[in-house]
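Now for the letters of each chain:
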Amino acid sequence: MSLTAPLAALGRQVLSALALIGHVTLYAVETVSHLFRPPFYGREFLAALIQIGWLSLPVVGMTTLFTGGALALQIYAGGSRFNAEAVVPSIVAIGMVRELGPVLGGLMVAARVASSIAAEIGTMKVTEQIDALVTLSTHPMKYLTLPRVLAATLAVPVLVGVGDVIGIMGGYFVGISRLGFNASAYLTNTVDFLETFDVVSGLIKGAAFGFIVALMGCYHGMNSGRGAQGVGRATKSAVVAASVLILAANYLLTEVFFTA
Amino acid sequence: MIELNDVHKAFGNNRVLRGVNLTIPKGTSMVIIGGSGTGKSVALKCVLGLVTPDSGTITLDGQDVTQGDRDAFLARFGMLFQGGALFDSLPVWQNVAFRLLRGSLKRPKAEAREIAIEKLRRVGLKPDVADKFPAELSGGMQKRVGLARAIAAEPEIIFFDEPTTGLDPIMSGVINELIREIVVEMGATAMTITHDMTSVRAIADNVAMLHEGVIKWTGPVGQMDASGDPYLDQFIHGRAEGPIEAVR
């Protein structure tokens, strides 16, 4: 084996990663461009809105409820080391709306939605349903991708908002039942220290994460390999890519919102 | 008339089409035969623009298929896919009337449903099938729904990709008869891909044999048995010995 072989292998990996970034970027640009070009399939958009938004509510709600409760316990335990137990309501609220609500909501939607979109579209591809769409004069990007991406971009911020409220309620229940907080004082502390931008930044993150989730599901589904293995690989890639991109985008957005 | 002139297509190192020349006169039924992996489906998908040829030209009535209004071009076609390719999430009637529910051929919903039920009847399916989902149907019924969808908008040209694959001999006979009747009745130009020699004799006006990416023989179905072409003879008689390697 030549000494340059490892370097060549590394180079191939880098080039393939760059090509993937290019493909995904072009796919995203093409998806957005279809928003401004008719036709728009309203029925498919509404179906996607229900699938992505309404049906994800239980999983997002449960996740944020338990996370809010655990967060209250952790902050109380940590705060008690320097007599700062009183900060529990405000830190739970700020932590939920700025970080945990959008990130956990986004990750749960990624697990539930990116996988199902990739599996559905991947199966459509291997069973020639995508080709059938084309022969029926229907653009797959308009019919499959745009409705899902738009629905996720609009639905995930709503899910994040609802998740924030449920998460804060989780902290509230733990605070008053396990940590001895006064109910009225807990709510006052929650509201007093929370700023509008804390909430807005979380909702903007939610929109970005929704876009990422649906885009990854559609992209990997459309580029699925043949057979059950190809669809399985596309599904796995969609969830992994969506999750990693959500965490990366979260860091970038946090830098933009809170350090600029 | 559909004309393929020196069409080449490769996937990586695999040169699937190596200069396909084929003419399908208007109103005739052309059947392309050949072994698995010889590029029959690729040739068909090249005509529809689902696969882009590396070189060569494909014309429809003298016009390059890659030029002009794509929607108007596709509106002239109907296609029956090998596995049916029905949309799982839609009931049967919406599958059949897909083109009539959206786009340039859009009709009111009630009218589209009526047309769908009429087309289902045309392919021998009862109206109660209309509200079922594709997963509730047998393979033969799915093929018939696919056929109903292919003819729903009364296209000028219909493509059939392996229309009898996976069906029992009786259902294959039913599908072959339906295809022949529909093509004659509609006066459509048809292009069919199949391995099934019974289908070839039932459907074809003309036959083309594709092997190693080129058309080895083409002519009227009546001359097929006396062609004298060793490739065609081996294929139509299903012999293991001959110029076509059995292990590919």
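Residues numbered from 1 in each chain as written. Chains lettered and ligands numbered in written order. Predicted model: local features only at pLDDT ≥ 70, side-chain atom pairs only at ≥ 80, totals over all residues.

In the nomenclature of an unreviewed UniProt entry, chain B corresponds to ATP-binding cassette domain-containing protein from the organism Thalassobius vesicularis.

We count it as follows: UniProt positions are given in the numbering used here, feature names are shortened, and annotations may be inferred rather than shown by experiment.
As recorded in an unreviewed UniProt entry, chain A goes by ABC transporter permease and comes from Thalassobius vesicularis. Here chain A is described in UniProt, under the heading Function (unreviewed entry), as follows: "Could be part of an ABC transporter complex." The heading Sequence similarities (unreviewed entry) in the UniProt record of chain A holds the text "Belongs to the MlaE permease family."

1. Here's the deal with the domain arrangement of chain A
All names here are of chain A. Just so we agree on the cut-off: Either an automatic procedure or a domain database provided the assignment from which the domain bounds are taken. Each residue gets a C-beta atom placed from its backbone, and two residues are in contact if those atoms lie within 7 Å. Each residue is assigned to one class: nonpolar for Ala, Val, Leu, Ile, Met, Phe, Trp, Tyr, Cys and Pro, charged for Asp, Glu, Lys and Arg, and polar for all the others, Gly among them.
Under the domain assignment used here, chain A contains domain 1 (1-37) and domain 2 (42-258). A C-alpha centroid distance of 26 Å is found between domain 1 and domain 2. Contact with domain 1, which involves 7 residues of that partner, is made by 8 residues of domain 2. Looking at side-chain class alone, the side of domain 1 that touches domain 2 contains 4 nonpolar, 2 polar and 1 charged residues.

2. Some points on the pairing of strand β10 (residues 214-220) of chain B
All names here are of chain B. Selection criterion: DSSP-based pairing: two strands are paired if at least 2 bridges between them are found. Labels follow the DSSP assignment, with helices taken as runs of H or I lasting at least four residues and strands as runs of E lasting at least two, numbered in each case from the N terminus.
As judged from the 6 bridges shared by strand β9 (residues 206-211) and β10, these two strands associate in the antiparallel manner. Bridging from a neighbouring strand, L210 pairs with I215 of β10. Connecting β9 to the next strand, β10, in antiparallel fashion are 2 residues, including E212 with a positive phi near 50°.

3. A closer look at the interface of chain B and chain A
With 15 residues of chain B at the contact, the number on the chain A side is 11 residues. Put simply, the parts of the chain that give the side of chain B that touches chain A at least two residues each are α2 (70-74) and β6 (77-80) of chain B. Tallied by class, the residues present in the side of chain B that touches chain A amount to 10 nonpolar, 2 polar and 3 charged.

4. Some thoughts on the sheet that holds β9 of chain B
All names here are of chain B. Selection criterion: Lines fitted to C-alpha atoms define the axes, with helix axes restricted to the stretch in contact, and inter-axis angles between N-to-C directions lie between 0 and 180 degrees.
Strand order in the open sheet formed by 6 strands is β6-β7-β8-β3-β9-β10, and the pairing between neighbours is mixed. Looking at the sheet topology across the chains shown, the edges are occupied by β6 and β10. Adjacent strand axes in the sheet meet at a mean angle of 15° when their direction is disregarded. Where strand β7 (residues 157-161) and strand β8 (residues 189-193) come together, 5 bridges link them in parallel fashion. Bridged to D161 within β8 is I193. Where helix α1 (residues 40-48) meets the sheet, its contacts fall on β3 (29-33), β6, β7, β8 and β9, and the angle it forms with β8 comes to roughly 145°.

5. A closer look at the nonpolar core
Defined as follows: Joined through C-beta atoms within 7 Å, a set of buried Ala, Val, Leu, Ile, Met, Phe, Trp, Tyr and Cys residues constitutes a nonpolar core. Exposed residues have 12 or fewer other C-beta atoms within 10 Å of their own C-beta, buried residues have 20 or more, and partly exposed residues fall in between, where C-beta atoms are placed from the backbone.
Ranked by size, the top nonpolar core spans 75 residues in total, and within it I32, V96, A116 and L120 of chain B carry the most contacts. The greatest single-element share of this core, amounting to 6 residues, is contributed by helix α5 (residues 139-151) of chain B. Domain assignment of the residues forming this core places at least three in each of domain 1 (1-76 + 158-248) and domain 2 (84-154) of chain B. If we ignore the near neighbours within four places in the chain, the residues touching L120 of chain B are V96, L125, P127, V129, A130 and A148 of chain B. In this structure, I52, I94, M124 and L215 of chain A belong to the second largest nonpolar core, which totals 62 residues.

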